[in-house]
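Structural description and commentary
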Protein chains: 2
Amino acid sequence: MLLRIDPASSVPLFEQLAASVRAEASRGNLREGDRLPAAREVAVSLDINVHTALRAYQLLRDEGLVDLRRGRGAVVTDRVAHYSELGEAIPRLVASAKEVGVGVQTLTAMIRQEYGS
Amino acid sequence: MLLRIDPASSVPLFEQLAASVRAEASRGNLREGDRLPAAREVAVSLDINVHTALRAYQLLRDEGLVDLRRGRGAVVTDRVAHYSELGEAIPRLVASAKEVGVGVQTLTAMIRQEYGS
DNA sequence: GCATTGTGCTAGTACAAATAGAACAATAGG
DNA sequence: CCTATTGTTCTATTTGTACTAGCACAATGC
């Protein structure tokens, strides 16, 4: 499990952490039943507050990627399969956008627009 | 030109307005050389501040979708073609995400992650 | 010249992120 | 059964940023 964050980035720490976990899922490095390191443990190793680490985990729980239970930790659900599926489709779209010079902000805005309608 | 915004939405007004213009572009309703209504005009008809309308236009300028000039207004550039291209690819990905129950926030986060790497 | 249109500057308000401390509840394992 | 582990809940503070807005200014077009 490679979890990285960049304290200098403008992206919130908890989002970076969640994204880092998703990336592992997209690459197929996570399987149903796998257990993520404890929030307290992650907080120490990344030098962030426990609440921040927990918030990332709670975000992933809201998405359904992990189950959270006291004493047991964060366990990957069966939904991890969907993430690796999208892990193939997404790079294609991103490549197209980059080719024609459409930025991240614009692309994500267009997706939100499409999703909402 | 159908420009709509929802004051009740949590999405910033200027982003909604910009998205509304992009949507027109994606649908092929805008062509190179077309002129958008004046910011002050849009502000009045949508009942928002001029700065808010202007900020939307400046966002579109930064994207390269329009050229902005004093006294002349906002003119659509040749990049509009790319927007209608993506207007076909994006719905496919969004449909896939919806099928497997992946939300907007998650999807856009994954795209940012992919874009950045 | 004069109206139109975008730009710059300034500022108030509100919201979100991150940190912190403390107490609590469920689970796992010896 | 007991204990350590792990997430949950609550309150609070600090800090930074986003959004909106008002006013004066500058460039363009007719």
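Here the structure is shown first, and the text comes after it.
Definitions and cut-offs
Residues numbered from 1 in each chain as written. Chains lettered and ligands numbered in written order. Predicted model: local features only at pLDDT ≥ 70, side-chain atom pairs only at ≥ 80, totals over all residues. Heavy atoms only, no water. Helix = DSSP H or I, 4+ residues; strand = E, 2+ residues; numbered from the N terminus. Contact = heavy atoms within 4.5 Å. Polar contact = N/O pair within 3.5 Å; in protein donor to acceptor, adjacent residues only side chain to side chain. Buried area = accessible area lost by both parts, 1.4 Å probe. Salt bridge = Lys/Arg side-chain N within 4 Å of Asp/Glu carboxyl O. Nonpolar A, V, L, I, M, F, W, Y, C, P; charged D, E, K, R; others polar.

Residue and element names in this part refer to chain A. Assignment of secondary structure puts Q16 in helix α1 (residues 13–26). Considering only alpha carbons, one finds Q16 and L3, 13 residues apart in sequence, at a separation of 9.2 Å. Setting aside residues no more than four positions away along its own chain, Q16 makes contact with R4, I5, D6, S9 and V11. Only 2.6 Å separates the side chain of Q16 from the backbone nitrogen of D6, close enough to count as a polar contact. For Q16, the side chain forms a polar contact with the main-chain oxygen of V11, separated by 2.7 Å.

Taken together, the 34 residues of chain A in the interface contact 34 residues of chain B. Summed over both partners, the interface of chain A with chain B comes to about 3400 Å²; 73% of that surface belongs to carbon and sulfur atoms. On the chain A side of the contact with chain B, L86, M110 and Y115 of chain A bury the most area, a combined 21% of that side's loss. Summed over the shared surface of chain A and chain B, the number is 0 salt bridges. When contributions to the side of chain A that touches chain B are tallied by element, the ones reaching two or more residues are α1, α4 (80–99) and α5 (104–116) of chain A. The class makeup of the residues in the side of chain A that touches chain B is 18 nonpolar, 8 polar and 8 charged.

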